[in-house]
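Given next are the chains, with one letter for each unit.
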Amino acid sequence: MRTDFAGEMGGYRVLGQVWGGWWRGPGVSSARKVAGFGTEARRQLQPRGSSKRSGSLGNQSFPGLLQPENLSREELVDVLRASVVDQKGPLVTLNKPQGLPVTGKPGELTLFSVLPELSQSLGLGEQELQVVRASGKEASGLVLLSSCPQTASRLQKFFACSRRAQRPTATYWAVTDGIPATSEGKIQAALKLEYVDGVGSVVPVKSPSRKDILEGVKRTLSHFRVMATGPGCALVQLQPVTVFPSQLQVHMVLQLCPVLGDHRYSARVGTVLGQRFLLPAESTKPQKQVLDEAFLRRLHLTPAQAAQMPLHLHLHCLHLPGTRPRDAPIELLAPLPSYFSRTLQSLGLCQQ
């Protein structure tokens, strides 16, 4: 079975009757609702008095930013349990913190590695959770889990059918350095994943041949809409139609508007006399994102602090099928992380 690891201010919408419809599964009591991924976790962990825990959950420059690499397994399970935004029937929805990988190498601390403990913590007993849909490591936002293999399989078929029909099912919010030339549109690009010294990097491919496609080049598509603008920045809604690593980050670079906190691909955008242009992807090495002085002043950050800025890309909404075939899709919503909300406030980016 394929699992998608893809990439609103306010709350979320409970799925209501959907859980009792064609998604069959054992009943589970409703989980505690929280305002964001870190709110309850900080309340639970900080009073224990560990400086390591305090450092892993607090950041003065970026409030609410989690540092998963500093957490123990038990602490990560606590954080994930507190990040549950809905739990009914076999489905559990989380608001994943930025920087937490979904999968990884054996022995690494990931969401997948603690699913057995999380299942126990949520009272699921031997019904172990599996990942149905998730934002990537560097993005924050929704993760959809299921304790019922049949439900997971049905949802995967729904997502696969939606991709074939080019119907987006995921909506991301991104803050960008720069403003797209048009207020809305489509971004299409053929992409391939290359490895240099064991590090993967996604590069565009112009006019891919049939051989390129057979060798792993994929034609990708995303929809975008500018929701708000400020001086040299924007809040952009992104809806990927295809699924490819780093797709949204690379697509925004192709628009000359890298996502804020993109320390991997933003260096591909050069500037001469105020005019932006694309540098060759193959020869441009990743580096920390460089922001101009005016941008840094609005963010109240030093260049050293900006070099630690998290990626401002949040899986805000997932569309799921309704109870019956003719029913409208249902929305799951995840609140923004605190640092993301503060950035919007600092930059004056209010949804239009």
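Here the structure is a predicted model, which means the values were calculated and not measured.

**Structural notes on the overall build of the chain**
Right, so step 1: When helices and strands are tallied, the chain shows ten helices and 14 strands.
Right, so step 2: Residue burial in the chain is summarised as follows: out of 352 residues, 52% are buried.

**A word on helix α3 (residues 73-82)**
Right, so step 1: By the criterion of burial, α3 is predominantly enclosed, with seven of the ten residues buried.
Right, so step 2: Every buried residue of α3 is accounted for by E75, L76, V77, D78, V79, L80 and A82.

**Notes on the confidence of the model for the chain**
Right, so step 1: Averaged over every residue, the pLDDT of the chain is 84; the share at 70 or more is 82%.
Right, so step 2: Predicted confidence is poor over residues 1-57, with pLDDT under 50, and the contacts of this stretch with residues over four places away or in other chains come to 155 contacts.

**Examining the pairing of strand β5 (residues 140-146)**
Right, so step 1: With seven of its seven residues buried, β5 lies for the most part within the structure.
Right, so step 2: The pairing of strand β4 (residues 130-134) with β5 spans four bridges and is antiparallel. Along β5, the bridge assignment pairs A134 with V143.
Right, so step 3: Taking the residues between adjacent antiparallel strands as the criterion, β4 and β5 are bridged by five residues.
Right, so step 4: Examined bridge by bridge, β5 and strand β13 (residues 313-320) share two bridges and lie parallel to one another. By the bridge assignment for β13, S140 is matched with H314.

**What about the nonpolar core?**
Note on soluble globular proteins: their nonpolar side chains tend to be buried together.
Right, so step 1: Of all hydrophobic cores here, the largest spans 28 residues; its most connected members are L144, L155, Y172, L238, M252 and L313.
Right, so step 2: If you list the elements that add at least two residues to this core, you get β5, α5 (149-164), β6 (170-177), β9 (218-230), β10 (233-240), α7 (247-254) and β13.
Right, so step 3: Two domains each put at least three residues into this core: domain 1 (65-165) and domain 2 (168-351).

**What about the packing of aromatic side chains?**
Right, so step 1: Under the definition given, this model contains one aromatic pair.
Right, so step 2: Look at F158 and F159: their rings are 5.5 Å apart centre to centre, the planes differ by 55°, and that puts the pair in the tilted class.
Right, so step 3: Judged by its relative accessible area of 1%, F159 is buried.
Right, so step 4: Between R133 and the ring centre of F159, over which it is positioned, the NZ or CZ distance is 4.8 Å.
Right, so step 5: A cation sits over an aromatic face here: R298 above F295, 5.2 Å from the ring centre.

**Here's the deal with the pattern of salt bridges**
Right, so step 1: Summed over the entire model, instances satisfying the criterion amount to five salt bridges.
Right, so step 2: Across the pair R81 and D78 runs a salt bridge, and its minimum N-O distance is 3.1 Å. Placement of both R81 and D78 in helix α3 is noted, with a separation of three residues, approximately one turn of the helix.
Right, so step 3: Given a relative accessible area of 23%, R81 falls into the partly exposed group.
Right, so step 4: A salt bridge links E194 to K192; the shortest N-O distance between them is 2.9 Å.

**A closer look at the environment of T151**
Right, so step 1: Residue placement: T151 occurs in helix α5.
Right, so step 2: Counting along the chain gives 60 residues from T151 to L91, while the straight-line C-alpha distance between them is 8.3 Å.

**What about unusual backbone geometry?**
Right, so step 1: A positive phi angle, near 55°, is found at L273, a position not held by glycine.
Right, so step 2: Here L273 shows up in the loop between β11 (269-272) and β12 (275-278).
Right, so step 3: Phi at H300 is positive, roughly 60°, even though this residue is not glycine.
Right, so step 4: Along the polypeptide, H300 turns up in the loop between α8 (293-299) and α9 (303-306).

**Notes on a nonpolar patch on the surface**
Right, so step 1: Nonpolar side chains collect at one region of the surface, where V272, L273, F277 and L279 lie side by side and expose about 400 Å² of accessible area between them.
Right, so step 2: Judged by relative accessible area, L273 falls into the exposed class, the value being 83%.

**What to know about the pairing of strand β2 (residues 84-88)**
Right, so step 1: Buried residues dominate β2, accounting for four of its five residues.
Right, so step 2: In textbook terms, the turn of a hairpin is the stretch between consecutive antiparallel strands, and for β2 and strand β3 (residues 91-96) this stretch comprises two residues, one of which, G89, has a positive phi near 55°.

**Some remarks on the environment of S135**
Right, so step 1: Along the chain, the position of S135 falls in the loop between β4 and β5.
Right, so step 2: For S135, a relative accessible area of 0% translates into the label buried.
Right, so step 3: In the structure, S135 is positioned 37 residues away from Y172 in sequence and 9.4 Å away in space, judged by C-alpha atoms.

**Here we look at α5**
Right, so step 1: End to end, α5 covers 23 Å across 16 residues, agreeing with the expected 22 Å (1.5 Å per residue, within 8%).
Right, so step 2: What α5 keeps buried is the set T151, A152, L155, Q156, F159, A160, S162 and R163.
Right, so step 3: Q166 sits one or two residues past α5 and shows a positive phi near 55°.

What counts and what doesn't
- Here the residue numbers are simple positions, counted from 1 along each chain's written sequence.
- Local features are withheld for residues below a pLDDT of 70 in this predicted model, meaning they are given only at 70 or higher, and side-chain atom pairs are given and counted only at 80 or more; totals for whole chains, interfaces and linings count all residues.
- Here the side-chain values reflect all heavy atoms present in the structure, with hydrogen atoms and water set aside.
- In this description a helix means any DSSP run of H or I spanning at least four residues, a strand means any run of E spanning at least two, and both kinds are numbered starting from the N terminus.
- Relative accessibility under 20% of the residue-type maximum defines a buried residue, over 50% an exposed one, and the middle range a partly exposed one, all with a 1.4 Å probe and only protein chains included.
- Confidence of the predictor at the level of single residues is captured by pLDDT, which takes values from 0 to 100.
- Between two residues, a contact is recorded if the distance between any of their heavy atoms is within 4.5 Å.
- Two strands qualify as a pair provided that DSSP identifies no fewer than 2 bridges between them.
- The criterion is simple. A nonpolar core is a set of buried Ala, Val, Leu, Ile, Met, Phe, Trp, Tyr and Cys residues joined through side-chain atoms within 4.5 Å.
- Segmentation into domains, and thus their bounds, comes from an automatic or database assignment.
- Centre distance within 6.5 Å is the pairing criterion for rings of Phe, Tyr and Trp, where only the six-membered ring of Trp is used; planes under 30 degrees apart are then read as stacked, over 60 as edge-to-face, and the remainder as tilted.
- Charge-over-ring contacts are defined here by two conditions on Lys NZ or Arg CZ: a distance within 6 Å of the ring centre and an angle within 35 degrees of the ring normal.
- Criterion for a salt bridge: a side-chain nitrogen of Lys or Arg within 4 Å of a carboxyl oxygen of Asp or Glu.
- The patch calculation keeps residues exceeding 30% relative accessible area without a salt bridge and links them within 9 Å when they carry like charges or within 5 Å when they are nonpolar (Val, Leu, Ile, Met, Phe, Trp, Tyr).
- Surface accessibility follows the Shrake-Rupley procedure with a 1.4 Å probe radius. Residue values consider only the protein chains on display as shielding.
- In a helix, the anticipated span is given by 1.5 Å times the number of residues less one.

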